[in-house]
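# Breakdown of the fold
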Amino acid sequence: MQVTETKKKSFLSGLTGQIIIAMVLGATLGIILHATISPEAAQSFSSKIKMLATIFIRLVQMIISPLVFTTLVVGIAKLGDIKTVGRIGGKALGWFFTASFISLLIGLFYVNILEPGVGLKLGHVDMAAATEVTGKTKTLSVENFVEHIVPKSIFEAMATNEILQIVIFSIFFGLAAASIGSPVKPVINALDKASHIVLKMVNYVMNFAPIGVFGAIAGVFAIRDAEELVITYFKFFGSFLVGITTLWVVLIAVGYIFLKGRMTELLKRIIGPLAIAFGTTSSEAVFPKLTEELEDFGVKDKIVSFMLPLGYSFNLDGSMMYMTFASIFIAQFYGVHLDLGTQMVMLLVLMLTSKGIAGVPRASLVVVAATCGMFDIPVEGIALILPIDHFCDMFRSATNVLGNALATSVVGQWENNKEESLNIE
């Protein structure tokens, strides 16, 4: 009995417990205010209280660029040569594209089976709200894809937190350092120490996580009638949850196949990052904390520093599942028939275009809007899902974190097994 009480106390005093309490308090406050004050006052409160979430996310973003650069350069220098980098990179991309394809297929399957957009009647749809998203669809092009991969300035990439561009520069820098050898060891040692300082900063920043989550949740519930949204979007949101739950089952099952019993330990370790991503709708917000947890889990720092930045650009499983689901939902609402062949082409288009917009705000919606335009589905249909998108984004963000934690852990284990077999030989 005493042990149980101690566990409960430690859980509530820990970061995860504090975040869950913050979510409940934020939702309660938001619902009360929504029911008691005018819409104008609620909107004003929402914009102000959301500043708490903005401050927390900006504190995290402040850390991401130096963390990615220092850890990745040190990791590659420790890997030692282009062949090793290529081997791990090949495994990573193979995993990422396979996971993305499965996620897209799950979304495709459930939106066709459950048909959430068929016969749906929605009134008072705010079409003007969609212009912010549809205006960004012009960014989806070959030119933009190249711009998001190849940096013209590392300082500009760091200033805008373009993770993929920082990764490209860091790979070249790390390989060059590894090729020079012992003369650059002082530089690598200095970057290694810098990365540990940044990781120490993570502990300080994470203390603000419950406050940020409270602000984000309270701000949303203050201006959204949760009951009305549930009733109006019951079929859409319910179908989406069925799909995202299936994806979780698949990811966790794959984890147990590769990691065996250690998958349980991994899940326990990432509960905190999952809760933060869920509450703030930002998988980016947990990047530093996830780095720390995966290293504590036993994945070598050189693998974590290489895999996670790539994963945040190429391995967004929750977002991928949502993209096919939302695109075909809009087509169903407008009565646009898409045969299976066309849907498979759409799936491939989503697979490619989604990789070119790392760092674009509300990236999933931008890709959905652009894809609708390519297949003659009314682009303004993006307005249909905007009211419920925040709640979908909570589940998408948490799923993205799970997918990247799993990918990094599995590739890390493969590399450990390879090193052990080489040592035995």
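Counting starts from 1 at the beginning of each chain's written sequence and moves along it residue by residue. Per-residue local features are limited, in this predicted model, to residues with pLDDT of at least 70; the limit for side-chain atom pairs, both in listing and counting, is 80 or more; totals at the level of whole chains, interfaces and linings are taken over all residues. Side-chain measures were taken over the full set of non-hydrogen atoms in the model, leaving aside hydrogen atoms and water.

An unreviewed UniProt entry lists the chain under the name Cation:dicarboxylase symporter family transporter, with Flavobacterium resistens as the source organism. According to the UniProt record, the Subcellular location (unreviewed entry) comment for the chain reads "Cell membrane". UniProt positions are given in the numbering used here, feature names are shortened, and annotations may be inferred rather than shown by experiment.

Turning to the nonpolar core, a few remarks are in order. Residues belong to a common nonpolar core when they are buried Ala, Val, Leu, Ile, Met, Phe, Trp, Tyr or Cys residues joined through side-chain atoms within 4.5 Å. Think of it in three bands: with a 1.4 Å probe and only protein chains considered, a residue is buried below 20% of the maximum accessible area for its type, exposed above 50%, and partly exposed in between. Of all hydrophobic cores here, the largest spans 122 residues; its most connected members are Phe56 and Phe236. Working definition: helices are DSSP H or I runs of at least four residues, strands are E runs of at least two. Numbering for both runs from the N terminus. Per-element tally for this core: the top contributor is helix H20 (residues 382-424), with 16 residues. Note on contacts: a residue pair is in contact if any heavy atoms of the two residues lie within 4.5 Å. If we skip the residues at most four places from it in the chain, Phe236 touches Pro116, Tyr322, Phe325, Phe329, Ile385, Ile388 and Cys392.

Here the focus is the packing of aromatic side chains. Pairs were defined over the aromatic rings of Phe, Tyr and Trp, the Trp ring being its six-membered one, requiring ring centres within 6.5 Å. Orientation was assigned from the angle between planes: stacked under 30 degrees, edge-to-face over 60, tilted for the rest. Going through the model one piece at a time under the given rule, you end up with 19 aromatic pairs. Between the aromatic rings of Phe109 and Tyr110, the centroid separation amounts to 5.1 Å while the plane-to-plane angle is 80 degrees, which identifies the pairing as edge-to-face. On the basis of relative accessible area, Tyr110 is assigned to the buried category, the value being 17%. Ring centres 5.0 Å apart and planes at 80 degrees place the aromatic pair Phe287 and Tyr312 in the edge-to-face group. Within this pair, whereas Phe287 is found in helix H15 (residues 287-297), its partner Tyr312 is found in helix H16 (residues 301-314), the two being separated by 25 residues in sequence.

Residues forming no salt bridge and having over 30% relative accessible area are the ones grouped into patches, like charges within 9 Å of each other and nonpolar side chains (Val, Leu, Ile, Met, Phe, Trp, Tyr) within 5 Å. Areas reported here follow the Shrake-Rupley algorithm with a probe of radius 1.4 Å; residue values treat only the protein chains shown as occluding. The term salt bridge refers to a side-chain nitrogen of Lys or Arg lying within 4 Å of a carboxyl oxygen of Asp or Glu. A surface patch of nonpolar side chains, about 410 Å² in accessible area, is lined by Met62, Ile197, Met201 and Tyr204. Per-element accounting of the nonpolar patch gives the leading share, three residues, to helix H9 (residues 185-206). With respect to the helices and strands, Ile197 occurs in helix H9. Classification of Ile197 by relative accessible area gives exposed; the value is 54%.

What counts as an axis is a line fitted to C-alpha atoms, over the stretch in contact for a helix, and the angles between N-to-C directions run from 0 to 180 degrees. At a minimum axis separation of 7 Å, helix H2 (residues 15-36) and helix H10 (residues 209-223) run at an interaxial angle of 25 degrees. Considered as vectors, H2 and H10 are oriented roughly parallel to each other. When you trace H2 past H10, the crossing you get is right-handed. Judged by residue contacts, Leu15, Gln18, Ile19, Ala22, Met23, Leu25, Gly26, Ala27, Leu29, Gly30, Ile31 and His34 of H2 engage Ala209, Pro210, Val213, Phe214, Ile217, Ala218, Phe221, Ala222 and Ile223 from H10. Its residues assigned to classes, the contact of H2 with H10 shows 17 nonpolar, four polar and no charged. Working rule for angles: under 35 degrees goes down as roughly parallel, over 145 as roughly antiparallel, 65 to 115 as roughly perpendicular, anything else as oblique. Crossings are sorted by hand: turned counterclockwise from the far helix by less than a right angle, the near helix makes the crossing left-handed, and turned clockwise it makes it right-handed. Any residue outside Ala, Val, Leu, Ile, Met, Phe, Trp, Tyr, Cys, Pro, Asp, Glu, Lys and Arg is labelled polar, Gly included; the first ten of those are nonpolar and the last four are charged.

Considering the arrangement of structural elements, one finds Glu292 in helix H15. When near neighbours in sequence (up to four residues on either side) are disregarded, Glu292 contacts Leu199, Val202 and Asn203.

Mapped onto this structure's residue numbering, the UniProt feature "transmembrane region" (unreviewed entry) falls at residues 12-35, 55-80, 92-113, 163-184, 204-224, 236-259 and 365-386. Its end C-alpha atoms 25 Å apart, residues 163-184 is made of 82% helix and 0% strand. Between the first and last C-alpha atoms of residues 204-224 the distance is 32 Å; the span itself is 86% helix and 0% strand.

Once that is clear, we can look at the pattern of salt bridges. Tallied over the entire structure, the rule returns eight salt bridges. The salt bridge involving Lys91 is made with Glu415; its shortest N-O contact spans 2.7 Å. Of this pair, Lys91 sits in helix H4 (residues 82-114) while Glu415 sits in helix H20, and the two are 324 residues apart along the sequence. Given the relative accessible area of 24%, Lys91 is considered partly exposed. Residue classification places Glu415 among the buried residues on the basis of a relative accessible area of 2%.

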